[in-house]
Amino acid sequence: MSKNVTDRVILKEVYKIYYSDFCNFDKEKPSRDTKIYVPIDCELIARNLNLDPEIVFGRLYYHLNQKHGYKQEDGTLIALFAKQIGSDRHVVQFPLLSAVLAEHEQSYLRFTIPLFLSIIALIFSIAAYFNT
C-alpha cells in the first residue's frame, strides 16, 4: 500500500517537473496554447510519488482546484487545474500553482521549525536532568 502524500508534496512535484517547461515557453514557436497553463502528465507525477494516477488527478481536479480556483470580478473562472484548455489536456495554471505551493511551504515551515526547536529543548532538558 502506498502512502498518502500531502497537497504540498503533490504541488512540489508538479512544480519541480514542469517549472522549466513554464519558463521555456516560446511565443514564436509555442509548444502549448498558453504560457500560464502548462500540460502535465498525472501518470508521471503518480509514478514519481508512488501513487495511483487517479489519486493525483482527483486531488488536483476535485480537491485543490476547488480549494484554490477562484472567480474574478468580471466572472472569469481561474482554475488551478483544468481538464482541457484549448488543445492542451490536464493543465495547471502555473503562476497560481506557484503561489499555492509557496503558501504550503510557508505553513510547513511555520509548523516544523517550532516543533524541531521544541524537540531540541526537550533533549537538552532530559540531558540536564540526568547530569544533575
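Keep in mind the model is a prediction, meaning the values are calculated, not measured.

**What to know about the packing of aromatic side chains**
Part 1: If you walk through the whole model with that rule in mind, you get ten aromatic pairs.
Part 2: With centroids separated by 6.4 Å and ring planes inclined at 45°, the aromatic side chains of Tyr19 and Phe94 adopt a geometry described as tilted. Here Tyr19, found in helix α1 (residues 7-23), pairs with Phe94, found in helix α4 (residues 94-131); they are 75 residues apart in sequence, far enough to count as distant.
Part 3: With relative accessibility at 2%, the residue Phe94 sits in the buried group.
Part 4: Between Tyr129 and Phe130 the ring centres are 5.3 Å apart and the planes differ by 80°, which places this aromatic pair in the edge-to-face class.
Part 5: Judged by its relative accessible area of 61%, Tyr129 is exposed.
Part 6: Overall, the relative accessible area of 61% leaves Phe130 in the exposed class.
Part 7: Here the aromatic cluster, defined as three or more aromatic residues joined through ring pairs, consists of Tyr15, Tyr19, Phe22 and Phe94.

**Here's the deal with the side chain of Arg8**
Part 1: Note that Arg8 resides in helix α1.
Part 2: Residue classification places Arg8 among the buried residues on the basis of a relative accessible area of 15%.
Part 3: Side chain to side chain, Arg8 and Glu105 meet in a polar contact 3.3 Å long.
Part 4: Look past the residues within four positions of Arg8 in its chain and what remains in contact with it is Leu101, His104, Glu105 and Tyr108.

**Looking at the packing of helix α2 (residues 42-49) against helix α3 (residues 53-68)**
Part 1: Running from N to C, α2 and α3 cross one another at 110°; their axes reach a closest spacing of 8 Å. With respect to α3, the axis of α2 lies roughly perpendicular. Between α2 and α3 lies a crossing of right-handed hand. Across the interface between the two elements, Cys42, Glu43, Ile45 and Ala46 from α2 touch Pro53, Val56 and Phe57 from α3.
Part 2: For the contact of α2 with α3, a count of residues per class yields six nonpolar, no polar and one charged.

**A short note on the sheet that holds strand β5 (residues 88-93)**
Part 1: Here we have three strands laid out as an open sheet, ordered β1-β5-β4, and antiparallel in their pairing. Looking at strand neighbours, the two that pair on one side only are β1 (37-39) and β4 (81-85), the edges of this open sheet. Neighbour to neighbour, the strand axes of the sheet diverge by 45° on average, direction disregarded.
Part 2: By the bridge criterion, four bridges tie β4 to β5 in an arrangement that is antiparallel. Each residue of the ladder has a partner; that of Gln84, found in β5, is Arg89.
Part 3: In the packing of α4 onto the sheet, the strands contacted are β1 and β5, and the crossing angle to β5 comes to about 45°.

**Some details on the packing of α1 against α2**
Part 1: One way to put it is that α1 packs onto α2 with a least axis distance of 10 Å and a crossing angle of 115°. Remark: the crossing between α1 and α2 carries right-handed chirality. In this structure, α1 uses Val9, Ile10, Glu13, Val14, Ile17 and Tyr18 to contact α2, whose residues at the interface are Leu44, Ile45, Asn48 and Leu49.
Part 2: Among the residues forming the contact of α1 with α2, the class breakdown is eight nonpolar, one polar and one charged.

About the criteria used
Residues numbered from 1 in each chain as written. Predicted model: local features only at pLDDT ≥ 70, side-chain atom pairs only at ≥ 80, totals over all residues. Heavy atoms only, no water. Phe/Tyr/Trp six-rings, centres within 6.5 Å; stacked < 30°, edge-to-face > 60°. Helix = DSSP H or I, 4+ residues; strand = E, 2+ residues; numbered from the N terminus. Buried < 20%, exposed > 50% of the residue type's maximum accessible area, 1.4 Å probe, protein only. Polar contact = N/O pair within 3.5 Å; in protein donor to acceptor, adjacent residues only side chain to side chain. Contact = heavy atoms within 4.5 Å. Axes fitted to C-alpha atoms, helices over the stretch in contact; angles between N-to-C directions. Parallel < 35°, antiparallel > 145°, perpendicular 65-115°, else oblique. Left-handed = near helix turned anticlockwise from the far one by under 90°. Nonpolar A, V, L, I, M, F, W, Y, C, P; charged D, E, K, R; others polar. Pairing = 2+ DSSP bridges.

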